[in-house]
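The residues making up each chain are set out below.
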Amino acid sequence: MSIVNKGFVGKGGADSKRLPPGQSQVTSWPVLTYGPTPHVDTKTWTLTIDGAVNKPITLNWDEFNELAMTRLTTDIHCVTRWSRFGMPWDGVSLDDLIGLAGGLAPDAKFLIASTVEGYTTNLPVRDVVNNQAMVATHADGEPLTPEHGGPARLFIPHLYFWKSAKWIQRLTFTKEDHPGFWEVNGYHNYGDPWKEERYSDDAGW
Amino acid sequence: MSVTEESPTVKTFVFKTPHPITNIAGQHYELRLTAENGYQAARLYSAVVTGTGKEEVTLTIMNVKNGEVSPYISEDLKVGDEVEIRGPFGKFFIWTGEEYRPVFLVGGGSGVVPLHAIFTAHRDSKSKAEMKLLYSSHTYEEILYKDDFLSSPDVAVTLTRNAPEDWEGLTGRVTKDMLGAIVDSFEAQPICYVCGMSLFVDAITEALQVAGIPSTSIKTERFG
Ligand SMILES: Cc1cc2nc3c(=O)[nH]c(=O)nc-3n(C[C@H](O)[C@H](O)[C@H](O)COP(=O)(O)OP(=O)(O)OC[C@H]3O[C@@H](n4cnc5c(N)ncnc54)[C@H](O)[C@@H]3O)c2cc1C
């Protein structure tokens, strides 16, 4: 049973204001990737949490799946101008993963997320704590397919979706910012859909 | 659910739960709101009372201007309404009576909520370890838990915006000197718990390291 909080509308307000500027609503789930889709075997899959944490750890698929899962039903916004509303996502909250890694060291200011193919994306720590991010394994109640980043991807719904890196392998906390693949290739360093932070100012698009 | 006002912008809520709940000082709960169209938003809130297995959860929540979740709870939620709460969570930013080392707590704004839980858990325990708190609040009116804090010799409050004329405590933002003086007043080097917004946490952890505290002795919790 899910409780409905009468009068609560959330970010963007009522339905008519749910879409960030310059976006269109879709009901399908478009696939957008750069390069070939890696097929990651859960037998060899690992997730490492390291850098500025007190006890770096590496989890295998079975260990990861023993952790408490959380579900969030929310909206996603892709920089290629589509948004999907009300998708349920299941995964492990980054707060829990950080806790398993002994908590953040005081100089942890950024998260650099890396995928199996070596792509990285960067995020301020303040955007990935407090329940804002998870490592997700399911969307719409189904396991994530390889096209959508399965078996596990990062999930940070309040930023454009390229920040929700597919095929996640490593979460490294750092003192300095290290702009990732898209961020050095003309995309905005932060990516707030409500402020239309699509491209970096000097990208010349 | 019952509500008490702590300050002009902060209220303490007691939620009845369907089963008994126990938590450790410093842990937090997830509170989730669901709109009629299914959209959800969830935030974390610290446990105010260190759990005794009662059928209730107590949360102190600051109404953050233009926030997504806290204004709804502060302004729209009525006694009798239901909300979804999960938890408790947190294995790191916690304190139990087994902690034998002295502790220095540093909090800003609503960041004092989990530190207050730790402070009262320590006060009500048999622990002989020293514990002190430095609390940064904008104004006198915004100081939370005045009854527990203002009479305690182990608590220093600094007011950063304005102070009443008869205020005898500290004023201005937390400085390296303020932190250093408290660090030096401990009999042995303390471990530090720092909680508040990210900019506050960054400034405090840097200053604590200047005051000689190794980064491995600093625990942080960032509210956003
Ligand atoms: C482990 C943990 C425990 C927490 N415990 C508590 C608690 O006991 N009591 C409590 O009130 N909050 C607590 N918080 C913060 C809380 O989870 C929310 O972040 C806060 O209520 C704001 O949510 P919102 O949806 O209203 O605002 P959002 O829509 O998330 O934010 C709106 C804007 O307000 C800013 N903002 C967010 N929080 C604050 C703040 N506290 N002061 C000033 N500006 C802010 C944000 O940076 C943002 O720009 C805790 C956070 C964490 C991570």
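These figures come from a predicted structure and were not determined experimentally. (Residues numbered from 1 in each chain as written. Chains lettered and ligands numbered in written order. Predicted model: local features only at pLDDT ≥ 70, side-chain atom pairs only at ≥ 80, totals over all residues. Heavy atoms only, no water.)

### Section: the state of the cysteines
Right, so step 1: Summed over all chains, the structure comprises zero disulfides over all chains.
Right, so step 2: No disulfide involves B:Cys192; its sulfur sits 14 Å from the nearest other cysteine sulfur, which is in B:Cys195. (Disulfide = S-S within 2.5 Å.)

### Some words on the sheet that holds strand β4 (residues 40-46) of chain B
Residues and elements named next belong to chain B.
Right, so step 1: The three strands lie next to each other as β4-β3-β6, forming an open sheet whose pairing is antiparallel. Looking at strand neighbours, the two that pair on one side only are β4 and β6 (84-89), the edges of this open sheet. Pairs of neighbouring strands in the sheet enclose a mean axial angle of 20°, with direction left out of account.
Right, so step 2: Of the pairings in the sheet, the one linking strand β3 (residues 28-34) to β6 comprises four bridges and is antiparallel in character. Residue pairing across strands places Arg 32 opposite Glu 84, the latter belonging to β6. (Pairing = 2+ DSSP bridges. Helix = DSSP H or I, 4+ residues; strand = E, 2+ residues; numbered from the N terminus. Axes fitted to C-alpha atoms, helices over the stretch in contact; angles between N-to-C directions.)

### Comments concerning the interface of chain B and chain A
Right, so step 1: Residue-level contacts link 33 residues of chain B with 33 residues of chain A.
Right, so step 2: Counting the surface lost from both chain B and chain A, the interface buries some 3,100 Å², and carbon and sulfur atoms represent 49% of this.
Right, so step 3: Counting the contacts that link chain B with chain A gives two salt bridges.
Right, so step 4: In this structure, B:Glu206 engages A:Lys109 in a salt bridge whose closest nitrogen and oxygen atoms are separated by 3.1 Å.
Right, so step 5: Counting every contact that joins chain B to chain A gives 14 residue pairs in polar contact (both at pLDDT 80 or more).
Right, so step 6: Of all the secondary structure elements, the ones that give two or more residues to the side of chain B that touches chain A are β3, β4, β6, α5 (198-210) and β12 (218-222) of chain B.
Right, so step 7: Of the residues belonging to the side of chain B that touches chain A, the class tally is 12 nonpolar, 10 polar and 11 charged. (Contact = heavy atoms within 4.5 Å. Buried area = accessible area lost by both parts, 1.4 Å probe. Salt bridge = Lys/Arg side-chain N within 4 Å of Asp/Glu carboxyl O. Polar contact = N/O pair within 3.5 Å; in protein donor to acceptor, adjacent residues only side chain to side chain. Nonpolar A, V, L, I, M, F, W, Y, C, P; charged D, E, K, R; others polar.)

### Some points on the pattern of salt bridges
Once the charged atoms of two side chains with opposite charge are near each other, the side chains can pair.
Right, so step 1: Summed over all chains, the structure comprises 19 salt bridges over all chains.
Right, so step 2: The salt bridge involving A:Arg71 is made with A:Asp90; its shortest N-O contact spans 2.9 Å. In this pair, A:Arg71 sits in strand β4 (residues 70-77) while A:Asp90 sits in strand β5 (residues 82-93), placing the two residues 19 residues apart along the sequence.
Right, so step 3: Residue A:Asp90 is classed as buried on the basis of its relative accessible area, which comes to 14%.
Right, so step 4: Several salt bridges share partner residues, and in doing so they unite B:Glu30, B:Arg32, B:Glu84 and B:Arg86 into one network. (Buried < 20%, exposed > 50% of the residue type's maximum accessible area, 1.4 Å probe, protein only.)

### Topic: the environment of B:Lys65
Residues and elements named next belong to chain B.
Right, so step 1: Relative to the helices and strands, Lys 65 resides in the loop between β5 (54-62) and α1 (70-76).
Right, so step 2: By relative accessible area, Lys 65 is classed as exposed at 74%.
Right, so step 3: For the pair formed by Lys 65 and Arg 222, sequence separation is 157 residues and the distance between their alpha carbons is 18 Å.

### Re the sheet that holds strand β3 (residues 57-60) of chain A
All names here are of chain A.
Right, so step 1: One open sheet holds the five strands; their spatial order is β3-β2-β11-β6-β7, and the pairing between them is mixed. The open sheet has two edge strands with one neighbour each: β3 and β7 (120-124). Strand after strand, the sheet turns through a mean of 15° between neighbouring axes, direction not considered.

### Regarding α5(B)
Right, so step 1: Taking 1.5 Å of rise per residue, the 13 residues of α5(B) would be expected to cover 18 Å, and the 19 Å separating its terminal C-alpha atoms lies within 8% of that figure.
Right, so step 2: Among all positions of α5(B), only B:Ser198, B:Phe200, B:Val201, B:Asp202, B:Ile204, B:Thr205, B:Ala207 and B:Leu208 are buried. (Expected span 1.5 Å × (residues − 1).)

### Points about the pairing of β3(A)
It is a general feature of regular strands that their side chains alternate between the two faces of the sheet.
All names here are of chain A.
Right, so step 1: The pairing of strand β2 (residues 46-51) with β3 spans four bridges and is classified as antiparallel. Bridge pairing links Ile 49 to Ile 57 in β3.
Right, so step 2: Where β2 folds back onto β3 in an antiparallel hairpin, the turn is made up of five residues.

### Re the nonpolar core
Right, so step 1: Membership of the largest hydrophobic core comes to 38 residues, with the highest contact counts inside it found for A:Leu97, A:Val135, A:Leu171 and A:Phe173.
Right, so step 2: Where this core is concerned, the elements lending two or more residues are β2, α1 (61-65), α2 (94-100), β6 (110-115) and β11 (168-174) of chain A.
Right, so step 3: Not counting chain neighbours up to four residues away, the residues in contact with A:Phe173 comprise A:Ile49, A:Asp50, A:Gly51, A:Ala52, A:Val53, A:Ile98, A:Leu104, A:Ala108, A:Phe110, A:Leu111, A:Val125 and A:Val128.
Right, so step 4: The next biggest cluster of nonpolar side chains, apart from the first, holds 27 residues, and it includes B:Val113, B:Ala121, B:Ile143 and B:Trp167. (Core = buried A, V, L, I, M, F, W, Y, C linked by side-chain atoms within 4.5 Å.)

### Overview of the domain arrangement of chain B
Residue and element names in this part refer to chain B.
Right, so step 1: Segmenting chain B into domains produces domain 1 (2-89) and domain 2 (103-223).
Right, so step 2: On a C-alpha basis, the centres of domain 1 and domain 2 stand 24 Å from each other.
Right, so step 3: Listed per partner, the contact involves 13 residues of domain 1 and 15 residues of domain 2.
Right, so step 4: Summing the contributions of domain 1 and of domain 2, the shared interface buries around 1,100 Å²; its carbon and sulfur component is 64%.
Right, so step 5: Among the residues domain 1 hides against domain 2, the three largest losses belong to Glu 6, Ser 46 and Val 48. Together they make up 34% of the total.
Right, so step 6: The tally of links from domain 1 across to domain 2 stands at zero salt bridges.
Right, so step 7: Scanning the region where domain 1 abuts domain 2 turns up one residue pair in polar contact (both at pLDDT 80 or more).
Right, so step 8: Where the side of domain 1 that touches domain 2 is concerned, the elements lending two or more residues are β1 (2-7) and β5. (Domains from an automatic or database assignment.)

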